[in-house]
Amino acid sequence: MSKKIPLGTALAILFVVMAATIAITMKVSMSAYNNLISDLSERSAMYEGVAEVDKLVREKFGGTIDSDVVYSGLAAGYVNGLNDPASFYLNPTEYEIYNNKLLGKMSGTGITCTYNTETDHLYITSVAKNSPADQAGIVAGDEITKIADIDVDYENYADLMSNLEGTKLSNVNVTYLHENKSNTANLVMGYNLQAVTYRNVGSIGIISITGFYENAIAQFQDAIKALTEAGCKSLIIDVRNCSEGTIEYATKVLDILVPVANDGTGAMATIVNNEGKTIKTYPSDSDCVTLPMLVLINGGTKGPAELFACDLRDFGKAQLIGTKTKGVCTLQQLYKLSNGGAVVLTVANVLPYTSEGINGVGVAPDYIIKLTSEQSAQIGIMSDGEDPQMQKAFELLQSQDDSSAGAEEG
């Protein structure tokens, strides 16, 4: 229902709610807020600016104002105005999806896919075992042509992909090509989304991480166990275009691979506030994986994935292949708002094990292997033989195997 409210009032309510939420929830965030708007006169100037717009709207605009839309627009605009790529506003629906996904509780179809620029379809890169998609007979390599009875195209594919995620027992129609034959399946959500997928090529295990969510920890452990039992002697970990999740969950996945952190900061990650004071550390235990490993990175590798890649190199566990990462590695805190939405705010900086800070800099690879724009769009779709970064990883691991074999013979 539409309700007429003054824009200035809406903004005032927004500021009060945000300030109260931040102040109660976290002192560090309050400090950042006070630094941003340091005095009452500056806040007053902001109110006056919006009041001026409000006056013009009242005089010139003949429509009605929906209070929910105004509130969301003001909140989103305010957080966007911070000019921080890691801070954002979530409306109530977006918050529910975001929070469930972060906790690994989001149910879905079991499909992991990416847009195929050559066919204008969604190429299915993996299907989780025992998921609704798996039970319907959908397999990796199939292509989705319609979701919810809407044709997939470049303009809508991102929105349509979100329909493959949902709450338990919700459902969606998926039309797909399998062996050049079109099929339609009604998939009932009932499977946790896969954050980690894996496969092996001979004795090389390949693990792809799409997000460092809570469920990524157990899924990564399962992947290591399965690949080890399959006889894999080395690993390629692919975090290209991986940008979601949290620093906490990234360190828990890291802890599976690395030994005790004794050098540098003495922790896998150290959280420091704006004054440079350490407010939290993430130590590691003695358990680790001893297999040789390489990590694939690119400009879409962001946040928790950047820390993951950097730390593996800092610990001497892996070399990095690809192109420099995004350079956005800070700590965010989620604050619930009274309207059912939330704000995600950057509250501190993240320091890796021994390297300098990543934020604003990125992580440079040991082996720079660039992809063409066409190849970049085909990550996860093109075969290993068509992927120069994957091929470089195979080449390096093969040379290590040859060196080891030569040493044993000598």
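*Asks:* Help me understand the overall build of the protein, please; the structure alone is not making it clear to me.
*Replies:* Along the backbone of the protein there are twelve helices and 22 strands. Looking at the protein as a whole, 44% of its 410 residues qualify as buried. Restricting to contacts in the protein with at least 6 residues of sequence separation, those with at least 24 account for 69%. For the protein, the accessible surface area stands at approximately 19,800 Å², while carbon and sulfur atoms represent 50% of it.

*Asks:* For this particular structure, what's the right way to read the side chain of E306?
*Replies:* Assignment of secondary structure puts E306 in helix α10 (residues 304-314). Put simply, E306 is tucked away with no salt bridge, and the nearest opposite charge, on K302, sits 7.8 Å away. Separated by 2.6 Å, the side chains of E306 and T325 make a polar contact.

*Asks:* Teacher, can you tell me more about the pairing of strand β19 (residues 318-322) here?
*Replies:* Burial analysis of β19 places four of its five residues in the buried class, which makes it a mostly covered element. Bridge analysis of strand β18 (residues 293-297) against β19 gives five bridges, and the strand direction is parallel. Pairing of L296 across the sheet is with I321, part of β19. Once the chain exits β18 it traverses α10 before rejoining the sheet at β19, and the crossover so formed is right-handed. As defined by bridge partners, β19 adjoins strand β22 (residues 367-368) across two bridges and the pair is classed as parallel. Residue pairing for β22: G322 is matched across the bridge by I368.

*Asks:* I tried to follow the sheet that holds β22 on my own but got confused; where do I start?
*Replies:* Backbone hydrogen bonds are what pair the strands of a sheet, in a parallel or an antiparallel way. The strand order across the open sheet built from six strands is β11-β12-β14-β18-β19-β22, with neighbouring strands paired in mixed fashion. Because the sheet does not close on itself, it has two edges, and the strands there are β11 (196-201) and β22. Here helix α8 (residues 214-229) sits on the sheet and contacts β11, β12 (204-209) and β14 (234-238); the angle it forms with β11, its principal contact strand, is near 15°.

Rules used in this analysis
- Residues numbered from 1 in each chain as written.
- Predicted model: local features only at pLDDT ≥ 70, side-chain atom pairs only at ≥ 80, totals over all residues.
- Heavy atoms only, no water.
- Helix = DSSP H or I, 4+ residues; strand = E, 2+ residues; numbered from the N terminus.
- Buried < 20%, exposed > 50% of the residue type's maximum accessible area, 1.4 Å probe, protein only.
- Contact = heavy atoms within 4.5 Å.
- Areas by Shrake-Rupley, 256 points an atom, 1.4 Å probe, with all protein chains shown as cover.
- Lys, Arg positive; Asp, Glu negative; His and termini not counted.
- Salt bridge = Lys/Arg side-chain N within 4 Å of Asp/Glu carboxyl O.
- Polar contact = N/O pair within 3.5 Å; in protein donor to acceptor, adjacent residues only side chain to side chain.
- Pairing = 2+ DSSP bridges.
- Right-handed = clockwise from strand over helix to strand, strands pointing away.
- Axes fitted to C-alpha atoms, helices over the stretch in contact; angles between N-to-C directions.

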